[in-house]
Amino acid sequence: MKQHAELHDGGTLDYDDAFFDRAEADALFARLRDDTPWRQERSRLGPFPRLTAWYADPGLTYSYSGVTHEALAWTATLLAIRRRVEAAAMTPFNSVLLNYYRDGQDSIGYHADNESELGKNPVIASISLGAVRQFVLKHGATGDKLHFDLASGSLLVMGGTCQHHWVHMVPKTKQFVDGRINLTFRNLIGQAV
Ligand SMILES: O=C(O)CCC(=O)C(=O)O
Ligand SMILES: [Mn+2]
C-alpha cells in the first residue's frame, strides 16, 4: 500500500510498504549482507553502532559525524535498485549509504540528513530489507513524533522541508531481532567530478 503524508512546515513522506516483493527483498538482503565490504566506522564518540558502506558516482566524497566516506564503485545490484528508486521518487540520485543493523543493539541516533552538499530541500529515499525496525521522526519545534515500522522491501521517501524541521532515528530494541539493511539514496551537488 502506498501512503502520502504532508508534514508540518512543508515536509513530505511517501511510504510504499511493498516496493520490493517478499522474495526480492529476501534475496537482496542476503546478497547485500554477504557481498558488501562492511566497515565499522568511528566518530569522536566511538564506534558507530552499525556497519556502513558508501557507494557513489566516481570522484564524490561525503562527510558526516566527522567521517569522510570515499566512494565504492556501483555494483550491478545497487545500480538496478538505484534506477528503480529514481523512477519511483522521480529524481536522480548519485550516491547510496548502506547501514547494516546486525541486531537490536545496533541503531542510529537522532539526526537530519541536512549536510550542505545535499542542497536546500534534499529528497532522501530509504529502502529497508530484513528485520522490521522502528523509525521515529521528531519535529524540532513541537516535539511531535511519528513512528513507522519499516517493512522489509519498503521504500520511504522524505522530501520537501523534512530535513529542516524533523530529525529521525532508529532506536535500539531489547527484543530479539534479526539483521536489517537500510539503503538511503542521496543526491550530492556542487562537487566538481
Ligand atoms: O536505517 C534507517 O532507516 C535510517 C538510516 C538513516 O537515517 C541514515 O543513514 O541517515
Ligand atoms: Mn538519516
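This text follows the structure it describes.
I will try to describe carefully the structure that is included in this document. (Residues numbered from 1 in each chain as written. Chains lettered and ligands numbered in written order. Predicted model: local features only at pLDDT ≥ 70, side-chain atom pairs only at ≥ 80, totals over all residues. Heavy atoms only, no water.)

Here's the deal with the packing of aromatic side chains
As a reminder of what qualifies: Note on aromatic contacts: the rings of Phe and Tyr and the six-membered ring of Trp form a pair at centre separations within 6.5 Å, being stacked when their planes are under 30 degrees apart, edge-to-face when over 60 apart, and tilted otherwise. Remark: exposure states derive from per-residue accessible area (1.4 Å probe, protein chains only) relative to the maximum for the residue type, with buried under 20%, exposed over 50%, and partly exposed in between.
With the rule as written, the count across this model stands at five aromatic pairs. Ring centres 5.1 Å apart and planes at 80° place the aromatic pair Phe19 and Phe20 in the edge-to-face group. The two residues Phe19 and Phe20 agree in class, both being buried. Relative to Phe185, the ring of Phe93 has its centre 6.0 Å away and its plane inclined at 50°; by these criteria the two rings are tilted.

Notes on unusual backbone geometry
If a residue is not glycine, its phi is most likely negative; likewise, a peptide bond is most likely trans. The test is simple: Per the convention used, a helix needs a DSSP run of H or I reaching at least four residues, while a strand needs a run of E reaching at least two, with both numbered from the N terminus.
Of note in this structure, Asp9 is not a glycine but carries a positive phi near 65°. Inspection of the secondary structure puts Asp9 in the loop between β1 (2–6) and β2 (11–16). Take Asp9: its relative accessible area is 43%, and that puts it in the partly exposed class. Despite not being glycine, Met90 shows a phi value in the positive range, around 55°.

A closer look at the site of ligand 1
Going by this rule: For this description, a residue counts as near a given molecule or strand if any of its non-hydrogen atoms is within 4 Å of it. Pairs of N or O atoms are called polar contacts if they sit within 3.5 Å, as long as, within protein, a hydrogen donor faces a hydrogen acceptor (for residues adjacent in sequence, only side-chain-to-side-chain pairs). The protein chains shown are the only cover counted for residues, whose accessible areas, like all others here, come from Shrake-Rupley with a 1.4 Å probe.
In the vicinity of ligand 1 lie 14 residues, with Asn99, Tyr101, His111, Arg180 and Arg186 positioned nearest. Contacts to ligand 1 include Arg180, whose side-chain N or O atom sits 2.8 Å from an oxygen atom. Protein coverage of the free-state accessible area of ligand 1, which is 290 Å², stands at 97%. When contributions to the shell around ligand 1 are tallied by element, the ones reaching two or more residues are β8 (95–101), β9 (108–111), β14 (166–170) and β15 (180–186).

Here's the deal with the sheet that holds strand β10 (residues 124–130)
Keep this limit in mind: Strands qualify as paired when DSSP identifies two bridges or more between them. The axes used here are C-alpha line fits, helices contributing only the stretch in contact, and every angle between their N-to-C directions lies in the interval 0 to 180 degrees. By definition, residues are in contact when any of their heavy atoms lie within 4.5 Å.
Read from one edge to the other, the open sheet built from seven strands follows the order β1-β2-β13-β10-β15-β8-β5, with strand pairing classed as antiparallel. Looking at strand neighbours, the two that pair on one side only are β1 and β5 (51–56), the edges of this open sheet. Averaged over all pairs of adjacent strands, the angle between their axes in this sheet comes to 15°, without regard to strand direction. Two strands pair when backbone bridges link them, and β2 and strand β13 (residues 154–160) are joined in this way by six bridges, in the antiparallel orientation. Paired with Asp16 across the strands is Leu155, a residue of β13. Contacting β5, β8, β10, β13 and β15, helix α2 (residues 76–89) crosses the sheet at an angle of about 60° to β15.

Things to note about the packing of helix α1 (residues 22–35) against α2
For clarity, the cut-off: Roughly parallel covers angles under 35 degrees, roughly antiparallel covers those over 145, roughly perpendicular covers 65 to 115, and oblique covers all other angles. Note: crossing handedness is left-handed where the near helix turns anticlockwise from the far helix by less than a right angle, and right-handed where it turns clockwise. Side-chain classes are defined by residue name, with Ala, Val, Leu, Ile, Met, Phe, Trp, Tyr, Cys and Pro counting as nonpolar, Asp, Glu, Lys and Arg as charged, and the others, Gly among them, as polar.
Where α1 meets α2, the closest approach of the two axes is 11 Å, and the angle between their N-to-C directions is 135°. Judged by the inter-axis angle, α1 sits oblique to α2. In this structure, the crossing between α1 and α2 has a hand that is left-handed. Residues Glu24, Leu28, Arg31 and Leu32 of α1 lie in contact with α2, whose contacting residues are Thr77, Leu78, Ile81 and Arg84. Class assignment for the residues of the contact of α1 with α2 results in four nonpolar, one polar and three charged.

Digging into the coordination of the manganese ion (ligand 2)
Put simply, the test is: A donor here means an N, O or S atom no more than 2.8 Å from the metal, or no more than 3.2 Å when the metal is Na, K or Ca. Since water is not included, a site may seem to lack partners. By the criteria applied here, four donors are tetrahedral when all angles lie between 85 and 135 degrees, four are square planar and six octahedral when opposite donors are over 155 degrees apart and every other angle lies between 65 and 115, and any other arrangement is irregular.
For the manganese ion (ligand 2), every protein donor is listed as His111 (NE2), Asp113 (OD), Asp113 (OD) and His168 (NE2), and the spread of their distances is 2.1 to 2.6 Å. Here the manganese ion (ligand 2) is ringed by six donor atoms whose angles at the metal span 51 to 165°, and the overall shape comes out irregular. Spacing between the donor residues of the manganese ion (ligand 2) along the chain follows H-x1-D-x54-H. Of the two residues, Asp113 sits in the loop between β9 and β10 while His168 sits in strand β14, which places them 55 residues apart along the sequence. Taking the relative accessible area as the measure of exposure, Asp113 reaches 3% and is therefore buried. On the basis of relative accessible area, His168 is assigned to the buried category, the value being 4%.

Looking at α1
Put simply, the rule reads: Working rule for helices: expected span equals 1.5 Å times residues minus one. Taking the helix axis as origin, the arc is that swept by the directions to the C-beta atoms.
The terminal C-alpha atoms of α1, which comprises 14 residues, lie 20 Å apart, in line with the 20 Å expected from a rise of 1.5 Å per residue. By the burial criterion, the buried members of α1 are Ala25, Leu28, Phe29 and Leu32. Down the axis of α1, the sector holding all buried residues measures 105°, keeping them to one side. Away from its buried face by more than 90 degrees, α1 exposes Ala23, Asp34 and Asp35. Where α1 is buried, its residues contact α2, β8, β10 and β15.

Honestly, it's all geometry; don't read function into it.
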